[in-house]
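# Structural overview
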Amino acid sequence: MVEVALAVLLFGMRDRRQLSVVALAQVVTNPSVVLVCLWSGWRASLPLADAAWRVMLAAELAAVAVEALLYRVAEVGEHPWRQSLVLNALSFGVGLLLA
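Residues numbered from 1 in each chain as written. Predicted model: local features only at pLDDT ≥ 70, side-chain atom pairs only at ≥ 80, totals over all residues. Heavy atoms only, no water.

The subject of this paragraph is the overall build of the protein. Along its length, the protein carries four helices and zero strands. Along the protein, from the amino end to the carboxyl end, the secondary structure elements read α-α-α-α. By the compact-globule yardstick of 13 Å for 99 residues, the protein fits well, its C-alpha radius of gyration being 14 Å. Expressed along its principal axes, the backbone C-alpha trace of the protein runs to roughly 40 × 25 × 20 Å. Residue burial in the protein is summarised as follows: out of 99 residues, 33% are buried. Across the protein, every contact between residues at least 6 apart in sequence was considered, and the portion connecting residues at least 24 apart equals 52%. Here the protein displays about 6200 Å² of accessible surface, and carbon together with sulfur accounts for 69% of that area. Taking the 7 positively charged and 7 negatively charged side chains of the protein as two groups, their mean positions are separated by 1 Å. (Helix = DSSP H or I, 4+ residues; strand = E, 2+ residues; numbered from the N terminus. Rg over C-alpha atoms; globule rule 2.2 N^0.38 Å. Buried < 20%, exposed > 50% of the residue type's maximum accessible area, 1.4 Å probe, protein only. Contact = heavy atoms within 4.5 Å. Areas by Shrake-Rupley, 256 points an atom, 1.4 Å probe, with all protein chains shown as cover. Lys, Arg positive; Asp, Glu negative; His and termini not counted. Charge placed at Lys NZ, Arg CZ, Asp CG, Glu CD.)

Here's what the structure looks like:
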């Protein structure tokens, strides 16, 4: 759970409830993003102009929105949209490095 570790490091989250919400948000959104990317045939080696990149980007942006709404409803942090965007972007970057 890259996002949980990053939430601690970047946003100073220490509260168990907040970290549980971050973990739950990943459990809710990550499988959907992975399935959409697999369905689209997305691979990191594809050219950026490939349609699969647009599908992947749309799936990631949807995940950012869902997670930000979860953070907002659960009152996790002061800037739920920024937190969601940063955590997802860095998690995606880690995924690219590992791919």
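There's more to say after this.
Time to look at a nonpolar patch on the surface. Taken together, M1, L24, V27, V28, V66 and L70 make up a surface patch of nonpolar side chains, about 510 Å² in accessible area. Listed by contribution, the elements that provide at least two residues to the nonpolar patch are helix 2 (16-40) and helix 3 (51-73). At three residues, helix 2 tops the list of elements feeding residues into the nonpolar patch. Looking at where L24 falls in the secondary structure, it is placed in helix 2. According to the relative accessible area criterion, L24 is partly exposed, its value standing at 48%. (Patch = residues over 30% accessible without salt bridge, like charges linked within 9 Å, V, L, I, M, F, W, Y side chains within 5 Å. Salt bridge = Lys/Arg side-chain N within 4 Å of Asp/Glu carboxyl O.)

Attention shifts here to the packing of helix 1 (residues 2-11) against helix 4 (residues 80-98). One can describe the packing of helix 1 onto helix 4 by two numbers: an axis separation of 10 Å at closest approach and a directional angle of 125°. When the axes of helix 1 and helix 4 are compared, the pair comes out oblique. The hand of the helix 1/helix 4 crossing is right-handed. Residue-level contacts link V2, E3, L6, A7, L10 and F11 of helix 1 to Q83, V86, L87, L90, S91 and V94 of helix 4. (Axes fitted to C-alpha atoms, helices over the stretch in contact; angles between N-to-C directions. Parallel < 35°, antiparallel > 145°, perpendicular 65-115°, else oblique. Left-handed = near helix turned anticlockwise from the far one by under 90°.)

Under the 1.5 Å per step criterion, the end-to-end length of helix 3 is 33 Å for 23 residues, consistent within 8% with the ideal 33 Å. Looking only at helix 3, the buried set comprises A52, W53, M56, A59, E60, A63, V64, E67, A68 and Y71. Looking at the buried positions of helix 3, the neighbouring elements they touch are helix 2 and helix 4. Among the residues trailing helix 3, E75 stands out with phi positive, at a value near 55°. (Expected span 1.5 Å × (residues − 1).)

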